[in-house]
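Architecture and fold: a report
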Amino acid sequence: MVQSTGVQRAKMSRHQRTPLKNTNNVVEVKSKFEAEYRRFALKKSGTGGFQEFYRLLQTVHRIPSVEVLLGYADIYGDLLPINNDDNFYKALSSANPLLRIIIQKRDVDEPVVFATNSLQRRKKGLAGLRPAQQKTKPGLMIGHPQDFRQISSIIDVDILPETHRRVRLHKHGTHKPLGFYIRDGVSVRVTPQGVEKVPGVFISRLVRGGLAESTGLLGVNDEILEVNGIDVDSKSLDQVTDMMVANSHNLIVTVKPANQRNNVVLRGSKVSVGGNSSSGSIGSTISHDLAPSPASQSVSHYSNSNSVAEGDSDEDGDIIIESDILPYLPDHCVSNGNGSHREFPLSSSLGQRPLPQSIFLPSSGSLSDSKASLNSLTTPTHNGSPTKTSSSQESMREDGNIITM
Amino acid sequence: MKRFRRHGQESHRDRIKQELYGFNKTVEHGFPHQPSALVFSPSLQLLAIGTRSGAIKLYGAPGVEFMGLHDENAAVTQVHFLPQQVDLVTLLDDNSLHMWTLRAHHGVSELLETGRFTLTGPPGAPPSVTRVTAVLTHSSGDMLFLGTEGGHVFVVEVPGFRELEERNISLENVTNSLPEDYGGRRSLEHVESLQENPVNPRQVLIGYGRGIMVIWDLERHSAVKHIPATQQLESVWWTEDGGHVLSSHSDGSYCRWMVAGEGTQSEPEKSEVPYGHFPCKAISKIIQLPTEQGPPFLFLSGGMPRASYGDRHCISVIHSKTHVALDFTSRIIDFFVIRDGPDHTGDPSALVVLVEEELVVIDLQTEGWPVIQTPYLVPLHCSAITCSHHVSAIPLKMWERVLSAGALQNTHYSKKPWPITGGQNLSPDAPQRDLLLTGHEDGTVRFWDASGVCLYPMYKLSTAGVFLTDAEPNDNMNQCTEGEWPPFRKVGCFDPYSDDPRLGVQKIHLCKYSGYLTVAGTAGQILVLELNDEAAEQTVEATVADLLQGQEGFRWKGHTRLEVREEPVTFPPGFQPFALVQCQPPAVVTALTLHSEWKLVTFGTSHGFGLYDYQQKSNVLVRCTLNPSDQLAMEGPLSRVKSIKKSLRQSFRRIRRSRVSLRKHHVNSALLSLANARLEAELAEMELAPVQRKIEARSSDDSFTGLVRTLYFADTFLSDSSHHTPSLWAGTNGGSVFAYQLRLPPVERRSEDPVSAHPAKEIQLMHRAPVVGIVVLDGHGSPLPEPLEVAHDLARSADMQGCHQLLVISEEQFKVFTLPKVSAKMKLKLTAIDGSRVRRVGVAWFGSSRSEDYGESGLTVLTNQGDLHVVSLPGVKLQVQYPCIRREDVSGIASCVFTKHGQGFYLISPSEFERFSLSARCVVEPRSLVEVPSQTPGTTLPRAQPDGPRVMEHALLNDESE
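Residues numbered from 1 in each chain as written. Chains lettered and ligands numbered in written order. Predicted model: local features only at pLDDT ≥ 70, side-chain atom pairs only at ≥ 80, totals over all residues. Heavy atoms only, no water.

In plain terms, the rule: UniProt positions are given in the numbering used here, feature names are shortened, and annotations may be inferred rather than shown by experiment.
Looking up chain B in an unreviewed UniProt entry gives the name LLGL scribble cell polarity complex component 2, with the organism given as Oncorhynchus mykiss. The UniProt entry for chain B carries this comment under Subcellular location (unreviewed entry): "Cytoplasm". As its UniProt record puts it under Sequence similarities (unreviewed entry), chain B is described as follows: "Belongs to the WD repeat L(2)GL family."

Per an unreviewed UniProt entry, chain A is named Par-6 family cell polarity regulator alpha, and its organism is Oncorhynchus mykiss. Turning to chain A, the UniProt annotation filed under Sequence similarities (unreviewed entry) states: "Belongs to the PAR6 family."

**Comments concerning helix 2 (residues 50-60) of chain A**
All names here are of chain A. Going by this rule: Note on exposure labels: buried denotes an accessible area under 20% of the residue type's maximum, exposed denotes more than 50%, and partly exposed covers the range between, all computed with a 1.4 Å probe on protein chains only. Secondary structure elements follow DSSP: runs of H or I no shorter than four residues count as helices, runs of E no shorter than two count as strands, and numbering proceeds from the N terminus. It is the directions from the helix axis to the C-beta atoms that the arc portrays.
Every buried residue belonging to helix 2 is among Phe50, Phe53, Tyr54, Leu57 and Gln58, and all of these are buried. Along the long axis of helix 2, the arc covered by the buried residues comes to 140 degrees, so they all point the same way. Just past helix 2, the residue arginine 62 takes up positive phi, approximately 55 degrees.

**Some points on the state of the cysteines**
Residues and elements named next belong to chain B. Using the following cut-off: Whenever a pair of cysteine sulfur atoms sits within 2.5 Å, that pair is classed as a disulfide.
All chains considered together, the criterion is met by zero disulfides over all chains. Counting only cysteine sulfurs, cysteine 387 is the nearest neighbor of cysteine 511, a cysteine outside any disulfide, at a range of 18 Å. On the accessibility criterion, cysteine 511 (8% relative accessible area) is buried. Cysteine 884 provides the cysteine sulfur closest to cysteine 896, a residue in no disulfide bond, and the two sulfurs are 7.0 Å apart.

**Digging into the side chain of Ser909(B)**
All names here are of chain B. What counts is decided by this rule: Between N or O atoms, a polar contact is any pair within 3.5 Å; within protein, one atom must be a potential hydrogen donor and the other a potential acceptor, and residues adjacent in sequence are included only when both atoms are from side chains.
Among the secondary structure elements, serine 909 is positioned in strand 64 (residues 903-909). For serine 909, a relative accessible area of 8% puts it in the buried group. There is a polar contact of 3.0 Å between the side chain of serine 909 and the side chain of glutamate 912.

**Description of the sheet that holds strand 57 (residues 813-818) of chain B**
Residue and element names in this part refer to chain B. Put simply, the rule reads: Two strands qualify as a pair provided DSSP detects at least 2 bridges between them. A fitted line through C-alpha atoms represents every axis, and for helices the fit uses only the stretch in contact; the resulting angles, taken between N-to-C directions, go from 0 to 180 degrees.
In space, the four strands of this open sheet follow the order 55-56-57-58, with antiparallel pairing throughout. Of all strands in the sheet, those with a lone pairing partner are strand 55 (771-777) and strand 58 (824-829), marking the two edges. Going from strand to strand, the sheet's axes swing by 15 degrees on average, the running direction of each strand aside. With five bridges joining them, strand 57 and strand 58 adopt antiparallel strand pairing. Paired with lysine 815 across the bridge in strand 58 is lysine 827.

**What about the UniProt feature "repeat: WD" (unreviewed entry) in chain B?**
The feature "repeat: WD" (unreviewed entry), as given by UniProt, occupies residues 431-449 of chain B in the numbering adopted here. Annotated as residues 431-449 of chain B, this span is 0% helix and 63% strand, and its ends, taken at the C-alpha atoms, are 13 Å apart.

**Considerations on unusual backbone geometry**
With omega at 0 degrees, the peptide bond leading from Gln584(B) into Pro585(B) counts as cis. Examined against the element boundaries, Pro585(B) turns out to sit in the loop between strand 45 (574-584) and strand 46 (591-595). Cis geometry is found at the peptide bond from Leu819(B) to Pro820(B), where omega equals 0 degrees. Phi at Asn228(A) takes a positive value of approximately 45 degrees, unusual for a residue other than glycine. In this structure, His277(B) takes a positive phi of about 55 degrees despite not being glycine. Mapping His277(B) onto the fold places it in the loop between strand 22 (270-272) and strand 23 (283-289).

**Let's talk about the pattern of salt bridges**
Our working rule: By salt bridge we mean one thing: a side-chain nitrogen of Lys or Arg within 4 Å of a carboxyl oxygen of Asp or Glu.
Counting across every chain of the model gives 43 salt bridges over all chains. Here Arg850(B) ties to Glu19(B) by a salt bridge, and the two come within 3.1 Å at their closest N and O atoms. On the criterion of sequence distance, the pair formed by Arg850(B) in the loop between strand 59 (838-847) and strand 60 (855-863) and Glu19(B) in helix 1 (residues 2-20) is long-range, its members being 831 residues apart. Looking at Arg850(B), the relative accessible area reads 66%, which means it is exposed. Between Glu811(B) and Arg837(B) there is a salt bridge, with the nearest N and O atoms lying 2.5 Å from each other. Separated by 26 residues along the polypeptide, Glu811(B) in the loop between strand 56 (805-810) and strand 57 and Arg837(B) in the loop between helix 7 (831-834) and strand 59 bring together distant segments of the chain. Across this residue pair, the class does not change: Glu811(B) and Arg837(B) are buried. Salt bridges here are not isolated pairs; linked through shared partners, they connect Asp242(A), Arg698(B), Arg709(B), Glu811(B), Glu812(B), Arg837(B) and Arg839(B).

Following this line, the structure appears as structure tokens:
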């Protein structure tokens, strides 16, 4: 499922479109169902609601009786659901100017998972593992996690003491900050010798509207025990800060919540989802990974704190721009004195030059992190490395300026 | 089976590691921080310095050095050698006494603490009774007299520290012996001084704080004589013939008293206030030494007129008609005089003065009393050190040229050899000539011979002459006008006051083959200099590099550019500047690299980087790296650590600025309220959260992302794998790497055709951590050689057949990419694993200590936790890890510099470099031997005194044993 989505996206990304003349009131819609594409325009005003749109698509694709799920690619390239009026309007407003709709058959056996990670994750080794396990455990779904973008998850519930909580924060391309602060403090540990006070690191503040706050999984005065599988015992506040920042693209913190009332309760081997939920305007939920998460596979046991947790999603996540300059290079490129050498601005104004380059965006990277810089990158490029398209990511501002693969 | 084999390989690797790496802190160079005590042993010819941090350092002949550290964290207040022995006693601030000895072990002496002792008074006595204020090591070598604050004198047997209670001289004993009429029986106060009669070890003089001195006969246990000085006593000196006692006092006077005869001498033979009439400060120490023929030398410390020169630190030397007040730039700790002759009883030959910031040695036998240059204890910090650069294996020719340029600067020094000659230096000759260059706040660059144990000054380069500064060069107090009283003479080189902070040197790069040097400073100035053996008069032309490249909306709020002298300047032989680039905005230069083969210099600031062709004296490339939203980069003097105080200050400035602009332009008040809100938020943050750290991913909008951290030249495969070309690489604080392909004209057209640079690659590291190092590895996985290194047959040329690799070192990880197509190959994470970050990194060659021809390249890394790591190349695997510097010692970590052979230096105080070695083969450490004088057949028996006292001594010894 996950892989097939990727392929579909790849096909789409190769499709070039002509520029649109009038983008003010009209939303250009390109919808796809299985292998079929439909293109049509939609007036921004007077589009009606979600139901109307749903029926419109059924009509357009001539599938009047098929139950489908609607999804769209947002500006960060995430596949997000359309299932009510709110997120339908959100989808409309995010079209610039093209709105890409992906229609999938509602399938009972394989729940569709939206969100970033679903599109790009797990090439290596784990890719096959996950769907396979999902197949063996059908129908355990409790809420509708596919309707929302995953921003955090509780993981490794089965191997952690129930007083601890391991939280994974998914930092998306959103400019939403992680949004929390940590401080030094005193932790009380119960040892065979009695109660012992040891220095610890605690969450001191949650920024309003930040990722940490919106998950509801982290709270002020929660003690931080591990960062990405590494014990923070005997580490200074600055060290813990640096570790968290270094892992910020895929941060897994194990905390001992100050409020122990919302703990996950282990009932035999069964796992139930605990926690409170909150939803912001974008739509967030706490989804619990039903299958053992990749992190739990490397952190085989809680006490094994020295092992590095999985989540190395910055693997090759760097943006590399190579310009095949030689044949194209203008001779006046270099000037003496205060030479205005501006052929190649990575992050500046809109000077455009037909410099052929390849922008190599490695596949398994958490693309969303590099997105910010790509958006500001206005150097004209073309797709120089078609073999990489399977890793194709979203973010198609189809004005011909950027194509990220 | 397989597992077994792997285990074998691992242990093999472990053995190789042991042969390659080993961590040692080897020697401390420079001048000890906060010295507090000084002593000299004429018999050992060793000088000892105690410091406020509890360190004790011994120095003899150049290369002979010992160091010890007291376990107690207390200042060393006094140090005394036991006469004719290799033992010394230290007194600490906490009133404890410590015995140290130089013990020979495997032919090398070591300084060891052998005992400690604290005086215990009678039960119930106040602590002042046993608080030691004066120490006398008796010439018999086995007794210690301890004068205390309570006025008692305790006698202790050494080296065992056994109290000899029956020999104590209590205050009561002394008071009872005083004549009835003395001073109405007021307290005598503490014991200020204890002196032994130079010709009669049976007599000891006890000087009390209130002024009275008592000569005490140890054998008869009674007072022999009283000397009733009336002024507060500062110091006492017993002349060598035993006939006179000199006392110096707190009112700036000194008195000479006759010793001969018994009873009380009511009047001094002579009393004088040398800088008289008006009230004077105390003379804290007085020494008088005879000469073979002619009048004696008199040395006085202090005694200046209180009102006019009370703030001067002076030692007056009076000999015959000559009277000089040596004027030091920092507080005098202590001084001593070295005497000629086999027994060190001849004419005074040198005056050694320890002041707070340096050691000054004056040659007393050469006309004009010139200063002798010190081979060690050199004040590295005569102007604050702002950066350092190490160059290994200097070619002999270059070495000699620098030396001769330096010799011309040192003509004012005495030609006499170094007068302190104790011990034998047994360390092997340095394997190569190494230079350490230090940049200073006053715009000077100092060249130090760092080959061996002594960090010896070779040459000093001043860059200030190129610029117009406020201070006139001859503005010193140096010249003394005729007939000035007191007759001051300025000595010493410690001068921490910089005329213009913009002159400060921030980056240095020297090419050891060509003699080209580039020096960059605080105000964005980059000087290119060439080693010239002749003096030359030339104008230095400035080229401006506009790093903002017309970016709108920025206004530099820092200092202005330095003004360049337009008229020709005469430069003495040595490194002479011939080209100058000035960055605009004139921000501090943060990266600098020279390529002498291509004749290019590249430089970077917080705004961008540039490439300068010093052959044609023109800019080749200027690239702005500034993030358009980064206003902080325009704030001026760079501070990577933004304190709350500073951010507050910035907020205030912002408000003030916006107010000004309000008035001027009638613009929106939104700006003001915004600034106010920010200030409030910052204030609130400060109050609510004392210490908390924000957890946030780095973004491209962070401040100083455009700051250029590293620049690198490489001849490598940038565009295709068949042609290698010159290239320039730059790494920024925001995790970006920029690569430019350089096109150099053929050598014969080098001065005419332009050099060109074309952008070739850009890498944005996803983790966005600052890039602190870039290295290209050749086909063998070795780092590319330095420019001209191959041409001089000193390195194997790089392997251009195999695939080159690019190593990018960020503060958080080491990452290897393939070339020419950049794709990640492998990496080593640091921060994500243990929370430490790379602060300093260098490429080094580690030779095996077992086999001469085996060695490996590696990265030497210092983290912000103060740990040293060695990372292998090209595999980027962590090899070894050693704790080295305290993590709180930020300036120590920032000052670290690595050598190319696995050694390094860092500042342990503003004035001292600690040298360390990570290499098992390449270790520079002091190895020296000091022998007990009496066992050395070569030296005459030092105690060539008349028979009388010796007999006395034996009598004393017998006394004890009874």
